Amino acid sequence: MKHTNKAGPIAVPPRSAPRPPGQAPPARPMKASEGIIWWKPGGASLWIAIGMHALLLIVAMLCVRSIRETPEARVDFVARGKGDDDGGGGGRTYSIVKQKQTAVFSKASAPRVAALDVKSNVVLPLPEDGAGITHLPAVGFSSLSGGLGGSGHGGGKGAGVGNGFGPGIGNGGGLALPTARFFDLEVKAKRIAYVIDFSKSMKGKRQQLMRTELVKSIGQLDPTQDYQLIFFAGPVWLGGSVVRMADDQKSAVVIDNQGTEHRWTSINIGNWEMSGRRQQAPWLRAGAENIRQSIETVRKTELEFGTYWKPAIELALGMQPAPEVIYFMTDGIVSKKVYETIDELSRTARRRSTVINTISMMEPDAADAMRALAKQSGGAFTQISADGTSVVSNFKN
């Protein structure tokens, strides 16, 4: 059927035949651009992401290849056998790979050290965490007792390996004590007190022999020893002090190295006592300067009036720490109460672990008392004859 209008006839498409019930509509023809997925909306973003991941993978591979392992240091040497000569040839070259050795440190907290069944107010502190403690191999007791000496061994192609920890540990007697000698009487001691008679009865040959032997004994002291010089007549004084005797010889003033005055008075025949501040006797170390001054003191000290030796020995026994040995020398004739004095001094000496070695200077009447004092204190007695010879008697408790 044709329709007309003023412009002309209009073509009307024919109607399609009616579709039977249940039949699907015919498929629409696909355009050319619709068959490729990347042209769909969102397809370009997917490929951009894939490209970025590929680029990162390539960069990572380049970084890995750029890391070079540090080559091992090698030391080449030529080992020669019995058939090799110095002219070269025949030697084989070997390489030793130098390896790094890393000390292993423990950062774990060390355990608290404790002693069982011991009461104590002391608590050992815990070490700080992270303190470097190198792990050492265990050392057996048999290795220690065996001497731990180093040894080496090796074949023709290998370097010897040493092991050990030095000298072995054994039982010994410890450090030996230094010695001292006075009038041929030798002792082993760290602290020595010389109690020497400087009374006027020592004049002549007696004082000459006394000064000579005392200078020799002091000069032979070891630098590790301590000593002191205690002189007596009526008063008692330390070597180097100033003694001012009264004109009537019944009193005296002793001025020590610190300027302190100590007054002495004769209370009866043969007995003196001190009034005022008690005198102290410090130890002198046997260094070169002290030895020099002491030798000069022995040579220049004058003899004084009186002979009373009990306070002199008491001064020596009161030193801190106590002397190990006292050399006591006198020519004094003892009083009737001398043995009471000897008993008292001997008890003090034993209590302080001090040995008193007595020397009777050319006076036979003093020999018995001096021998008794030495015997009771565990010391030795020396008798000096008029001709200067000496006889030593040793005693044991």
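Residues numbered from 1 in each chain as written. Predicted model: local features only at pLDDT ≥ 70, side-chain atom pairs only at ≥ 80, totals over all residues. Heavy atoms only, no water.

- Per an unreviewed UniProt entry, the protein is named VWA domain-containing protein, and its organism is Luteolibacter yonseiensis.

## Side note on the overall build of the protein
Alright, step 1. A tally of helices and strands in the protein yields seven helices and 18 strands.
Alright, step 2. The burial tally for the protein puts 31% of its 397 residues in the buried class.
Alright, step 3. When contacts within the protein are restricted to residue pairs at least 6 apart in sequence, long-range pairs at least 24 apart make up 61% of them. (Helix = DSSP H or I, 4+ residues; strand = E, 2+ residues; numbered from the N terminus. Buried < 20%, exposed > 50% of the residue type's maximum accessible area, 1.4 Å probe, protein only. Contact = heavy atoms within 4.5 Å.)

## Considering the confidence of the model for the protein
Alright, step 1. Predicted confidence across the protein gives a mean pLDDT of 74, with 60% of residues reaching 70 or more.
Alright, step 2. When the criterion is pLDDT under 50, residues 33-39 qualifies, and its contacts beyond four places in sequence or with other chains add up to four contacts.
Alright, step 3. Contacts from residues 72-173, a stretch scored under 50 in pLDDT, to residues over four places away or in other chains number 76 contacts. (pLDDT = per-residue confidence, 0-100.)

## Concerning the sheet that holds strand β11 (residues 251-255)
Alright, step 1. One open sheet holds the four strands; their spatial order is β10-β11-β12-β13, and the pairing between them is antiparallel. Strand pairing shows two members of the sheet lacking a second neighbour, β10 (242-245) and β13 (271-275), which therefore form its edges. Strand after strand, the sheet turns through a mean of 25 degrees between neighbouring axes, direction not considered.
Alright, step 2. As paired elements, β11 and strand β12 (residues 261-268) share five bridges and run antiparallel to each other. (Pairing = 2+ DSSP bridges. Axes fitted to C-alpha atoms, helices over the stretch in contact; angles between N-to-C directions.)

## Observations regarding the packing of aromatic side chains
Alright, step 1. Tallied over the full model, the rule gives eight aromatic pairs.
Alright, step 2. Centre to centre, the rings of Phe182 and Phe183 are 4.8 Å apart; their planes meet at 65 degrees, and the pair counts as edge-to-face.
Alright, step 3. A residue is classified by how much of its surface remains accessible, and Phe183, at 4% relative accessible area, is buried.
Alright, step 4. Seen in terms of ring centroids, Phe232 and Phe328 are 6.1 Å apart; in terms of plane orientation they differ by 40 degrees. Their pairing is tilted. With Phe232 in strand β8 (residues 226-232) and Phe328 in strand β15 (residues 325-330), this pair connects stretches of sequence that are 96 residues apart. Pair check on accessibility: Phe232 and Phe328 agree, each one buried.
Alright, step 5. Site record: aromatic cluster; members linked through ring pairs are Phe182, Phe183, Tyr194 and Tyr327. (Phe/Tyr/Trp six-rings, centres within 6.5 Å; stacked < 30°, edge-to-face > 60°.)

## Remarks on the pattern of salt bridges
Alright, step 1. Scanning the model with the defined rule gives 14 salt bridges in all.
Alright, step 2. Of the charged contacts, one joins Arg181 and Glu186 as a salt bridge, the two residues approaching to 2.7 Å between their closest N and O atoms.
Alright, step 3. According to the relative accessible area criterion, Arg181 is partly exposed, its value standing at 36%.
Alright, step 4. Look at Glu186 and you get partly exposed, because its relative accessible area is 43%.
Alright, step 5. Lys310 serves as the salt-bridge partner of Glu344, at 3.3 Å between the closest nitrogen and oxygen. Of the two residues, Glu344 is situated in helix α6 (residues 338-351) and Lys310 in helix α5 (residues 310-317); the sequence distance between them amounts to 34 residues.
Alright, step 6. The class for Glu344 is partly exposed, based on a relative accessible area of 33%. (Salt bridge = Lys/Arg side-chain N within 4 Å of Asp/Glu carboxyl O.)

## Describing the pairing of strand β6 (residues 185-188)
Alright, step 1. Across the two faces of β6 the burial differs, with Leu185 and Val187 buried and Glu186 and Lys188 not buried at all.
Alright, step 2. Linking strand β5 (residues 179-182) back to β6 in an antiparallel pair, the connection comprises two residues, with Phe183 at a positive phi of about 50 degrees.

## Focus on the packing of α6 against helix α7 (residues 367-377)
Alright, step 1. Two elements in contact, α6 and α7, have axes separated by 9 Å at closest approach and are oriented at 25 degrees. It follows that α6 is roughly parallel to α7 by the angle criterion. Note that α6 runs across α7; the crossing there is right-handed. The segment α6 lies against α7, with Val338, Tyr339, Ile342, Asp343, Leu345, Ser346, Ala349 and Arg350 engaging Asp368, Ala369, Ala372, Leu373, Gln376 and Ser377.
Alright, step 2. Grouping the amino acids of the contact of α6 with α7 by side-chain chemistry returns eight nonpolar, three polar and three charged. (Parallel < 35°, antiparallel > 145°, perpendicular 65-115°, else oblique. Left-handed = near helix turned anticlockwise from the far one by under 90°. Nonpolar A, V, L, I, M, F, W, Y, C, P; charged D, E, K, R; others polar.)

## Structural notes on the nonpolar core
Alright, step 1. Residues Tyr194, Ile218 and Phe328 are the most contacted members of the largest nonpolar core, which totals 72 residues.
Alright, step 2. For this core, the leading source of residues is α7, giving six residues.
Alright, step 3. Discounting chain neighbours no more than four positions away, the residues touching Tyr194 are Phe182, Leu214, Ser217, Ile218, Leu221, Tyr227, Gln228, Leu229, Ile230 and Tyr327. (Core = buried A, V, L, I, M, F, W, Y, C linked by side-chain atoms within 4.5 Å.)

## Digging into a nonpolar patch on the surface
Alright, step 1. Taken together, the side chains of Ile48, Met52, Leu55 and Val59 present a nonpolar region at the surface, about 390 Å² in accessible area.
Alright, step 2. Relative to the helices and strands, Val59 is located in helix α1 (residues 43-66). (Patch = residues over 30% accessible without salt bridge, like charges linked within 9 Å, V, L, I, M, F, W, Y side chains within 5 Å. Areas by Shrake-Rupley, 256 points an atom, 1.4 Å probe, with all protein chains shown as cover.)

## Here we look at the packing of α5 against α6
Alright, step 1. It is the contact of α5 with α6, at a shortest axis distance of 11 Å, that shows an interaxial angle of 10 degrees. Relative to α6, α5 is oriented roughly parallel. Contacts from Lys310, Ile313, Glu314 and Leu317 in α5 reach Thr341, Glu344, Leu345, Thr348 and Ala349 in α6.
Alright, step 2. Taken together, the residues of the contact of α5 with α6 sort by class into four nonpolar, two polar and three charged.

## With respect to unusual backbone geometry
Note: most residues except glycine have negative phi, and most peptide bonds are trans.
Alright, step 1. Going from Gln320 to Pro321, the amide bond is cis rather than trans, its omega being -10 degrees.
Alright, step 2. For Pro321, the position within the fold is in the loop between α5 and β15.
Alright, step 3. Notably, Asp184 is not glycine yet its phi reads approximately 65 degrees, a positive angle.
Alright, step 4. Positionally, Asp184 belongs in the loop between β5 and β6.
Alright, step 5. Taking relative accessible area as the criterion, Asp184 reaches 51% and is therefore assigned exposed.
Alright, step 6. Its identity is not glycine, yet Met362 carries a phi of approximately 55 degrees, on the positive side.
Alright, step 7. Assignment of secondary structure puts Met362 in the loop between β16 (355-361) and α7.
Alright, step 8. By relative accessible area, which is 12% here, Met362 ends up buried.

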